[in-house]
Amino acid sequence: MGAQSLLSYGTTTTHLLSLKQLTTASLFDSSTPSFLRITRFKSRQVNLASNKNALRTQVLREVSPQKVYNVSADKHLNLESRRKKLAVFVSGGGSNFKAIHAAMLDGSILGDVVVLVTNKTGCGGAAYARENGIPILQFPKTKESEGLSADDLVFALRKYDVDFILLAGYLKLIPVELVRQYPKRILNIHPSLLPAFGGKGYYGLKVHKAVIASGARYSGPTIHFVDEEYDTGRILAQRAVSVGAFDTPEELAARVLHEEHLLYVDVVKALCEDRVIWRDDGVPLIQSKEDPKLCT
Ligand code: GRF
């Protein structure tokens, strides 16, 4: 079975999409599979009040004296406020993905997860996507199962008209093809205060064990843009969490994870409202919704 075939998981046919489906069907016409139409239907839950705010923020930014430009100020510039289309990448339980998706459903994030990408189609994040009618792409291919190549993945994400990519516990390195196609538009969340305790090999409980062993009194999540290495892209947001004197790695992980959910939702909210801006020296900032001159 090749990448052009509909993939199945377990006993039921899933929403794993083949390249052929993506090539031959417009995502929103009558030939679109029903689960994709469901996604579109949900996208109509537009929060008009927040939309107005986003528009006002956009206008205020235009007159802002700061020398900044919007993250969308490339060929994707779109001054009219519209819901952003997001691809989320997961390998595990997907609690960050679930927190973001819940905030989209309750209208506090002006965006929709239009596709989930995973290397593990049996993981909790993929199960949640299936339950919520979100199509799933498998990347990369493994010995045991079929998946997309890097070029096919780029092609598929373009078909979905993806604005931003959110890595949420995705354990594979993002291919350079994707990084180049989505400059300043891929975010990752890491469970330590980068640049400390990051890089290849720092994942899961290993991060928290290393933090505790170092004697650091603070840890916490970092959200950063993704470049071609592990955990080295520009830092966008962080939140400090105290390390208790007798914390186990599991206890620290749970406290950091709780903060991750809050931080990722706040950041994605800002991203979808075009409130992520770039300082002259290349550091990304988040503008306050209430006062665009205030940035963090
Ligand atoms: C989080 O701790 C995140 O920081 C890291 O992977 C974990 C994913 O957890 N990159 P979940 O799958 O979102 O629950």
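Residues numbered from 1 in each chain as written. Predicted model: local features only at pLDDT ≥ 70, side-chain atom pairs only at ≥ 80, totals over all residues. Heavy atoms only, no water.

Trainee: Can you break down the overall build of the protein chain residue by residue, with the values?
Mentor: When helices and strands are counted, the protein chain shows nine helices and 14 strands. The contacts in the protein chain between residues at least 6 apart in sequence include a share of 65% that link residues at least 24 apart. Within the structure as shown, the protein chain displays about 14100 Å² of accessible surface, and the carbon and sulfur contribution to it stands at 56%. (Helix = DSSP H or I, 4+ residues; strand = E, 2+ residues; numbered from the N terminus. Contact = heavy atoms within 4.5 Å. Areas by Shrake-Rupley, 256 points an atom, 1.4 Å probe, with all protein chains shown as cover.)

Trainee: Would you mind going over the pattern of salt bridges in detail, with residue names and values included?
Mentor: Under the defined criterion, the tally for this structure stands at 13 salt bridges. With a closest N to O distance of 3.0 Å, Arg-83 and Asp-112 form a salt bridge. Taken together, the residues Arg-83 in the loop between strand 3 (69–70) and strand 4 (84–90) and Asp-112 in strand 5 (residues 111–118) connect sequence positions 29 residues apart. For the pair formed by Arg-83 and Asp-112, the shared burial category is buried. Taking the shortest distance from any N to any O, the salt bridge between Arg-255 and Asp-247 comes out at 2.5 Å. Judged by its relative accessible area of 35%, Arg-255 falls in the partly exposed class. (Salt bridge = Lys/Arg side-chain N within 4 Å of Asp/Glu carboxyl O. Buried < 20%, exposed > 50% of the residue type's maximum accessible area, 1.4 Å probe, protein only.)

Trainee: Account for the packing of helix 8 (residues 205–214) against helix 9 (residues 249–272), with residues named and values stated.
Mentor: The contact between helix 8 and helix 9 brings their axes to 9 Å, and the two run at 110 degrees. Here helix 9 runs roughly perpendicular to helix 8, going by the angle between their axes. Read as a crossing pair, helix 8 and helix 9 show a hand that is right-handed. Between helix 8, through Leu-205, His-208, Lys-209, Val-211 and Ile-212, and helix 9, the contact on the second element is made entirely by Pro-249, Glu-250, Leu-252, Ala-253 and Val-256. (Axes fitted to C-alpha atoms, helices over the stretch in contact; angles between N-to-C directions. Parallel < 35°, antiparallel > 145°, perpendicular 65-115°, else oblique. Left-handed = near helix turned anticlockwise from the far one by under 90°.)

Trainee: Lay out the site of the ligand with the relevant residues and their values.
Mentor: Near the ligand you find Gly-93, Gly-94, Ser-95, Asn-96, Gly-169, Ile-189, His-190, Pro-191 and Glu-260, and these make up its full shell. Asn-96 places a polar main-chain atom, nitrogen or oxygen, 2.9 Å from an oxygen atom of the ligand. Ile-189 is positioned such that a nitrogen or oxygen atom in its backbone is 2.9 Å from a nitrogen atom of the ligand. Compared with its free state, where it exposes 370 Å², the ligand has 78% of that area covered by protein. When residues of the shell around the ligand are traced back to their parent elements, those giving at least two are helix 4 (95–105) and strand 8 (186–190). (Near = heavy atom within 4 Å. Polar contact = N/O pair within 3.5 Å; in protein donor to acceptor, adjacent residues only side chain to side chain.)

Trainee: Before we move on, could you go through the confidence of the model for the protein chain and cite the residues and values that matter?
Mentor: Counting all residues, the mean pLDDT for the protein chain is 80, and 73% of those residues have values of 70 or more. Confidence drops under a pLDDT of 50 for residues 1–14, and excluding neighbours within four residues, the segment shows 28 contacts in the predicted structure. (pLDDT = per-residue confidence, 0-100.)

Trainee: So what's going on with the pairing of strand 4? Residues and values would help.
Mentor: With seven of seven residues buried, strand 4 is to be regarded as a mostly interior element. Examined bridge by bridge, strand 4 and strand 5 share seven bridges and lie parallel to one another. Each bridged residue has a counterpart across the sheet, and for Phe-89 the counterpart in strand 5 is Val-117. Handedness of the β-α-β unit built from strand 4, helix 4 and strand 5 comes out right-handed. Across four bridges, strand 4 lies against strand 7 (residues 164–167) in parallel orientation. What sits directly across from Phe-89, in strand 7, is Leu-167. (Pairing = 2+ DSSP bridges. Right-handed = clockwise from strand over helix to strand, strands pointing away.)

Trainee: How would you explain the sheet that holds strand 7 if you had to name every residue and give the values?
Mentor: Judged by pairing direction, the sheet is mixed, and its seven strands sit side by side in the order 6-5-4-7-8-10-11 without closing on themselves. Looking at the sheet topology across the chains shown, the edges are occupied by strand 6 (136–138) and strand 11 (235–238). On average, each strand axis in the sheet is tilted by 25 degrees relative to the strand beside it, whichever way the strands run. When strand 7 meets strand 8, the two strands line up parallel, connected through three bridges. Each bridged residue has a counterpart across the sheet, and for Leu-166 the counterpart in strand 8 is Leu-187.

Trainee: Please provide a residue-by-residue account of the environment of Thr-118, values included.
Mentor: You can see Thr-118 is positioned in strand 5. Placed 52 residues apart in sequence, Thr-118 and Tyr-170 show a C-alpha to C-alpha distance of 7.3 Å. Every residue in contact with Thr-118, bar those within four places of it in the chain, is listed here: Val-90, Ser-91, Cys-123, Ala-126, Ile-136, Leu-137, Gln-138, Phe-139 and Tyr-170. Polar side-chain contacts of Thr-118 include one of 2.8 Å to the backbone oxygen of Val-90. Within the local environment of Thr-118, its side chain forms a polar contact with the backbone nitrogen of Lys-120, the two atoms lying 2.9 Å apart.

Trainee: Explain the packing of aromatic side chains to me, using residue names and the numbers behind them.
Mentor: Summed over the entire model, instances satisfying the criterion amount to four aromatic pairs. Pairing Phe-89 with Tyr-170 gives two aromatic rings, centres 5.2 Å apart and planes at 85 degrees, and the pair type is edge-to-face. Of the two residues, Phe-89 is situated in strand 4 and Tyr-170 in the loop between strand 7 and helix 7 (176–181); the sequence distance between them amounts to 81 residues. Classification of Phe-89 by relative accessible area gives buried; the value is 0%. Relative to Tyr-128, the ring of Phe-97 lies with its centre 5.3 Å away and its plane at 90 degrees, an arrangement referred to as edge-to-face. Highlighted residues: Phe-97 in helix 4 and Tyr-128 in helix 5 (residues 124–131), separated in sequence by 31 residues. The ring of Trp-278 has Lys-184 lying over it, and the distance from NZ or CZ to the ring centre is 4.5 Å. (Phe/Tyr/Trp six-rings, centres within 6.5 Å; stacked < 30°, edge-to-face > 60°. Lys NZ or Arg CZ within 6 Å of the ring centre and 35° of its normal.)

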